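Architecture and fold: a report
Here is what each chain is made of, one letter per residue.
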Amino acid sequence: MTDFTTTRKRFHLPDGVIYLDGNSLGPLPVAAAKRVSQTLEAEWGEMLIRGWNAAGWMEQPARVGDRVGRLIGAEPGTVVMGDTLSIKVYQALAAALDLNPDRKVVLSDNGNFPSDLYIAQGLLRSRGAGHELKVVDPEAVEAAIDDTVAVLMLTEVDYRTGRLHDMKALTAKAHAAGVITVWDLAHSAGALPVELAAAQADFAVGCTYKYLNGGPGAPAFIYVAPRHAHTARPSLSGWMGHEAPFAFDLDYRAGTGIERMRVGTPPVIALASLEAALDAWDGVDMGDLRAASIALSECFITEVEARCPDLILASPRDTNRRGSQVSFRHPEGYAIMQALIARGVIGDFRAPDILRFGFTPLYLTQDDVLRAVEILAEIMADRLWDKEEYRKKARVT
Ligand SMILES: Cc1ncc(COP(=O)(O)O)c(C=O)c1O
Ligand SMILES: Nc1ccccc1C(=O)C[C@H](N)C(=O)O
């Protein structure tokens, strides 16, 4: 049984704050600060360029990738770190399209994060005439999978509502129609059990600054199923993905397996922070994590619905259809969130009317949730949000 009182001690949480936004940016793991300063001083400072070998910087993207891989049900040696998620989406989608060269349609849904859709639009434009991004309602995805589709590109958990796609069923349906799948796990990795290998997913990508607590701008990951790893063609064919980067050949030859999805120099300092953050996951059973996440989310929904009748649940009520976040709608959602933040309860707002709350058992307790609802109920009952300063839309995140 995972001991979440121990994991909580691994995080720095500012006094007086109840943090319900770990689904956007995880808090600082205490060990990360030490690890980063060690990387700066003992490694960069003392080793200088020798650090690439002596400190293992060169293997870091694969080493850290394997640790992320355990949390998303990936086979060892199938995940590599680097770049931002938007770039990893590009790489995965381009490689997936190349595996299905006779088809030109990418299917996605309007619950996807816009960056994924923008990346697809840009990529398809460069692929020339006939290529099309087809965007349907999340509920219509299954029926839209047919043999005209080259790639099904979905974010498993909807960033606004927390709605969870059935990865296994949709992947099976896609494969039956000859469609390659790309799954974005930004709101899944570290949020709930993911079984990439068992679902037979083809490609997956995700970020590490949310539930994995790697820090702002922490590097993203990419997964390629072993059956594609030696044939997938890297579209961003940088030297670190070359078979022999230090041979300095003039022609590109893809590296072995997942290594080919590396692009350029790894972000060593950011990876050090992430590596320390991943220590918090050692010994965490993903089934226990899911149970704790559901308990926190259900407690929140029950209490909010009982005490704040003006807030309308925007997330699926069925826990099996939800990730690890809960959203409520209110026309004054922005001002309400500002009032909450002013009282130390940090969640976030997504236009036009969504109040979004993330549940992260590694450092969040039921007492935190009850206290957060207490404060929210006071704000709603006394209309404490109805102030000029809370209505001014100054906050960008
Ligand atoms: C599902 C999803 N995809 C893509 C992104 C963009 O990632 P990045 O800004 O790291 O490229 C985000 C969050 O920012 C996201 O939630
Ligand atoms: N990377 C960021 C940088 C700045 C502000 C927010 C983000 C987010 O990650 C937003 C997130 N993807 C979301 O689901 O809203």
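Residues numbered from 1 in each chain as written. Chains lettered and ligands numbered in written order. Predicted model: local features only at pLDDT ≥ 70, side-chain atom pairs only at ≥ 80, totals over all residues. Heavy atoms only, no water.

Counted only if it meets this: UniProt positions are given in the numbering used here, feature names are shortened, and annotations may be inferred rather than shown by experiment.
If you look the protein chain up in an unreviewed UniProt entry, it shows as Kynureninase from Tianweitania populi. The record in UniProt for the protein chain states the following under Cofactor (unreviewed entry): "pyridoxal 5'-phosphate". You can read under Subunit (unreviewed entry) in the UniProt record for the protein chain the words "Homodimer."

**Some points on the packing of helix H5 (residues 85-98) against helix H6 (residues 114-127)**
Basically, it comes down to this: In this description, a line fitted to the C-alpha atoms serves as the axis of each element, helices being fitted only across the stretch in contact, and the angle between N-to-C directions of two axes falls anywhere from 0 to 180 degrees. Secondary structure is summarised from DSSP: a helix means a run of H or I of at least four residues, a strand means a run of E of at least two, and numbering begins at the N terminus for each. Geometric relationships in this document are graded by angle, where less than 35 degrees denotes roughly parallel, more than 145 denotes roughly antiparallel, 65 to 115 denotes roughly perpendicular, and other angles denote oblique. Note on convention: the crossing is left-handed when the near helix lies turned anticlockwise from the far helix by less than a right angle, right-handed when the turn is clockwise. Any two residues whose heavy atoms approach within 4.5 Å are treated as being in contact.
Put simply, H5 and H6 touch, their axes get as near as 9 Å, and they point 45° apart. Taken together, the axes of H5 and H6 lie oblique to each other. Note that H5 runs across H6; the crossing there is right-handed. Residue-level inspection shows Ser86, Val89, Tyr90, Leu93, Ala94, Leu97 and Asp98 of H5 in contact with H6, the latter providing Ser115, Asp116, Ile119, Ala120, Leu123, Leu124 and Arg127.

**Some remarks on the site of ligand 1**
As a reminder, the rule being used: Being near a molecule or strand, for a residue, comes down to having at least one heavy atom within 4 Å of it. Think of a polar contact as two N or O atoms within 3.5 Å of one another; within protein, one of them needs to be a possible hydrogen donor and the other a possible acceptor, and neighboring residues in sequence only count if both atoms come from side chains. Note on areas: Shrake-Rupley with a 1.4 Å probe; residue coverage comes only from the protein chains shown.
What surrounds ligand 1 is the set Thr84, Leu85, Ser86, Phe113, Asp116, Thr155, Asp184, Ala186, His187, Tyr209 and Lys210. At a separation of 3.3 Å, an oxygen atom of ligand 1 approaches a polar side-chain atom of Thr84. In the model, an oxygen atom of ligand 1 is placed 2.7 Å from a nitrogen or oxygen of the His187 side chain. Burial of ligand 1 by the protein amounts to 84% of the accessible area it has alone, namely 400 Å².

**Overview of the site of ligand 2**
Quick note on the threshold: Both site types are read off a 1 Å grid over the protein atoms alone. A 1.4 Å probe that fits but cannot get out defines a cavity, while an open set with protein on both sides within 12 Å along at least five of seven lines defines a pocket; lining residues have an atom within 4 Å of a point. Cavities and pockets are treated as containing a molecule whenever more than half of the molecule's atoms lie within 2 Å of their grid points. Under the grouping applied here, Gly and all other residues not named as nonpolar or charged are polar, the nonpolar ones being Ala, Val, Leu, Ile, Met, Phe, Trp, Tyr, Cys and Pro and the charged ones Asp, Glu, Lys and Arg. Throughout, the edges of the domains are those of an automatic or database domain assignment.
Lining the immediate surroundings of ligand 2 are Ser24, Phe113, Tyr159, His187, Tyr209, Lys210, Arg350, Arg356 and Thr397. His187 places a side-chain nitrogen or oxygen 3.2 Å from an oxygen atom of ligand 2. Assessed atom by atom at 2 Å from the grid points, ligand 2 resides in the largest pocket. Each residue belonging to the shell around ligand 2 can be placed in one class, and the counts come to three nonpolar, three polar and three charged. Counting residues domain by domain, the shell around ligand 2 receives three or more from each of domain 1 (4-30 + 284-391) and domain 2 (32-281).

**Some words on the side chain of Asp353**
Relative to the helices and strands, Asp353 is located in the loop between strand E14 (348-350) and strand E15 (354-358). Among the polar contacts listed, one links the side chain of Asp353 to the side chain of Arg329, at a separation of 3.2 Å. If we ignore the near neighbours within four places in the chain, the residues touching Asp353 are Phe328, Arg329, His330 and Pro331.

**Quick word on the domain arrangement of the protein chain**
As a reminder of what qualifies: Buried area: the sum, over both parts, of the accessible surface (1.4 Å probe) that disappears when the two are put together. Each salt bridge in this description consists of a side-chain nitrogen of Lys or Arg and a carboxyl oxygen of Asp or Glu lying within 4 Å of one another.
Along its sequence, the protein chain is organised into domain 1 (4-30 + 284-391) and domain 2 (32-281). The distance between the C-alpha centroids of domain 1 and domain 2 comes to 28 Å. On the side of domain 2, 30 residues touch domain 1, which itself brings 36 residues to the contact. When the two sides are added together, the surface that domain 1 and domain 2 hide from each other amounts to roughly 2,500 Å², 57% of it contributed by carbon and sulfur. Taken together, domain 1 and domain 2 are joined by zero salt bridges. Taken together, the connections running from domain 1 to domain 2 amount to 14 residue pairs in polar contact (both at pLDDT 80 or more).

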